[in-house]
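Remarks on the overall topology
Here's the letter readout for the chains.
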Amino acid sequence: VFDFDNTLVRESDYLFSAYDEIVNYIVQTHNVSGDDLLEYMKNALLSGERGSLFQRIRTQFMLEGLILMPLLDILRNHKLSQKLKLFDEAQEILKECVRLNMKTGILTNGNPKQQRNKIDQTDWNGMKPQVKNIIYANDYEKKPSSLGLQVLLDLMDLKEEMVLFIGDSEVDRQCAKALNVQFL
């Protein structure tokens with residue numbers, strides 16, 4: 001079982017591209033410097049402070065009339081000019097899972113519509129059919145809750161002791177630990 005963002009692909013590749021589109025939208029509808037706005041958004045992501053980003057933009061750049069729903073719509077439906085690339089190591093592990101005919105799945109946090117969009121825009125190098133079991137944790141309970149992981153294991157007909165969860169965060173580790181699933 002794999003996490004998606006920053007385990008299989010670099011999340012910032014998607015977000016930076018979406019931020020470009022969001023900045024273009026804001027520049028067209030408000031009098032603001034696109035360069036300053038884009039730098040602010042990228043810095044927020046890189047510093048781990050992206051929560052309430054659009055509300056903070058409204059305050060920081062004095063954009064009281066900025067309506068947030070179009071920004072969220074852009075973020076969730078953004079179309080990339082190039083597909084997201086799997087990390088080399090992730091690609092090698094997936095290839096080995098396919099070669100060994102192992103069951104594979106993804107458990108990902110985040111807005112389900114946005115996560116589906118990212119997964120659909122990933123270059124799977126022909127391995128997508130082997131990764132058909134995908135659970136969007138937010139459809140159940142966000143990780144670290146283990147509910148999504150339990151749903152995925154049930155879907156794949158796997159017992160906890162047969163599973164290795166590969167993730168990149170403490171939230172992923174806590175999710176695995178809650179079900180006594182090995183974590184890497």
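A few points on the structure. (Residues numbered from 1 in each chain as written. Predicted model: local features only at pLDDT ≥ 70, side-chain atom pairs only at ≥ 80, totals over all residues. Heavy atoms only, no water.)

This next bit is on helix H4 (residues 68-77). For H4, the complete set of buried residues consists of Leu 68, Leu 71, Ile 74 and Leu 75. Summarising the axial view, the buried residues of H4 lie within an arc of 125°, below the 170-degree limit, and thus occupy one face. Where H4 is buried, its residues contact helix H1 (11-29), helix H3 (53-60) and helix H6 (112-120). (Buried < 20%, exposed > 50% of the residue type's maximum accessible area, 1.4 Å probe, protein only. Helix = DSSP H or I, 4+ residues; strand = E, 2+ residues; numbered from the N terminus. Arc of directions from axis to C-beta. Contact = heavy atoms within 4.5 Å.)

Turning to its location among the elements, Thr 122 is positioned in strand S3 (residues 122-123). Here the side chain of Thr 122 touches Lys 118 through a polar contact of 2.8 Å, landing on its backbone oxygen. With sequence-adjacent residues up to four places away left out, Thr 122 is seen in contact with Phe 4, Val 9, Lys 83, Leu 84 and Leu 86. (Polar contact = N/O pair within 3.5 Å; in protein donor to acceptor, adjacent residues only side chain to side chain.)

Attention now moves to the nonpolar core. In this structure, Leu 8, Tyr 19, Ile 22, Met 41, Phe 54, Ile 57 and Trp 124 are the most contacted members of the largest nonpolar core, which totals 40 residues. Elements represented by at least two residues in this core include exactly H1, helix H2 (34-46), H3, H4, helix H5 (88-99) and strand S4 (133-136). Tallying contributions element by element places H1 first for this core, with 7 residues. Counting residues in each nonpolar core, the second largest holds 15 residues, with Leu 107, Phe 165, Cys 175 and Leu 179 among its members. (Core = buried A, V, L, I, M, F, W, Y, C linked by side-chain atoms within 4.5 Å.)

Assignment of secondary structure puts Glu 170 in helix H8 (residues 170-178). A relative accessible area of 42% means that Glu 170 is categorised as partly exposed. With 139 residues separating them in the primary sequence, Glu 170 and Asn 31 have C-alpha atoms 40 Å apart. Engagement of the side chain of Glu 170 in a polar contact is seen with the side chain of Arg 173, the distance being 2.3 Å.

Turning our attention to the state of the cysteines. By definition, a disulfide links the sulfur atoms of two cysteine residues through a covalent bond. Applying the stated criterion across every chain, the model contains 0 disulfides. In this structure Cys 97 is not part of a disulfide, and its nearest cysteine sulfur, from Cys 175, lies 18 Å away. (Disulfide = S-S within 2.5 Å.)

So, on to the packing of aromatic side chains. Inspection of the entire model under this criterion finds 4 aromatic pairs. Ring geometry for Phe 4 against Trp 124: centres 6.4 Å apart, planes inclined by 35°, an arrangement best described as tilted. With Phe 4 in the segment before H1 and Trp 124 in the loop between S3 and S4, this pair connects stretches of sequence that are 120 residues apart. The exposure classification of Phe 4 matches that of Trp 124, with both residues buried. Centre to centre, the rings of Phe 165 and Phe 183 are 5.9 Å apart; their planes meet at 90°, and the pair counts as edge-to-face. Taken together, the residues span a long stretch of sequence, with Phe 165 in strand S5 (residues 164-165) and Phe 183 in strand S6 (residues 182-183) at a distance of 18 residues. A relative accessible area of 0% places Phe 165 in the buried class. Between the NZ or CZ atom of Lys 42 and the centre of the ring of Phe 16, over which it lies, the distance is 5.0 Å. Looking at Arg 116, its charged tip hangs above the ring of Tyr 136, at a distance of 4.3 Å from the centre. (Phe/Tyr/Trp six-rings, centres within 6.5 Å; stacked < 30°, edge-to-face > 60°. Lys NZ or Arg CZ within 6 Å of the ring centre and 35° of its normal.)

Before going further, it helps to examine the pattern of salt bridges. In this structure the tally under the stated criterion is 11 salt bridges. The partner of Arg 50 in a salt bridge is Glu 11, and the shortest N-O contact between them spans 2.9 Å. In this pair, Arg 50 is assigned in the loop between H2 and H3 and Glu 11 in helix H1, connecting sequence segments 39 residues apart. Residue class for Arg 50 comes out partly exposed when judged on its relative accessible area of 36%. The salt bridge partner of Lys 85 is Asp 123, with a shortest N-O separation of 3.5 Å. Of this pair, Lys 85 sits in strand S1 (residues 84-85) while Asp 123 sits in strand S3; the two residues are 38 residues apart in sequence, bridging distant segments of the chain. When salt bridges with common partners are traced through the structure, they connect Asp 5, Glu 11, Arg 50 and Lys 118 into a single cluster. (Salt bridge = Lys/Arg side-chain N within 4 Å of Asp/Glu carboxyl O.)

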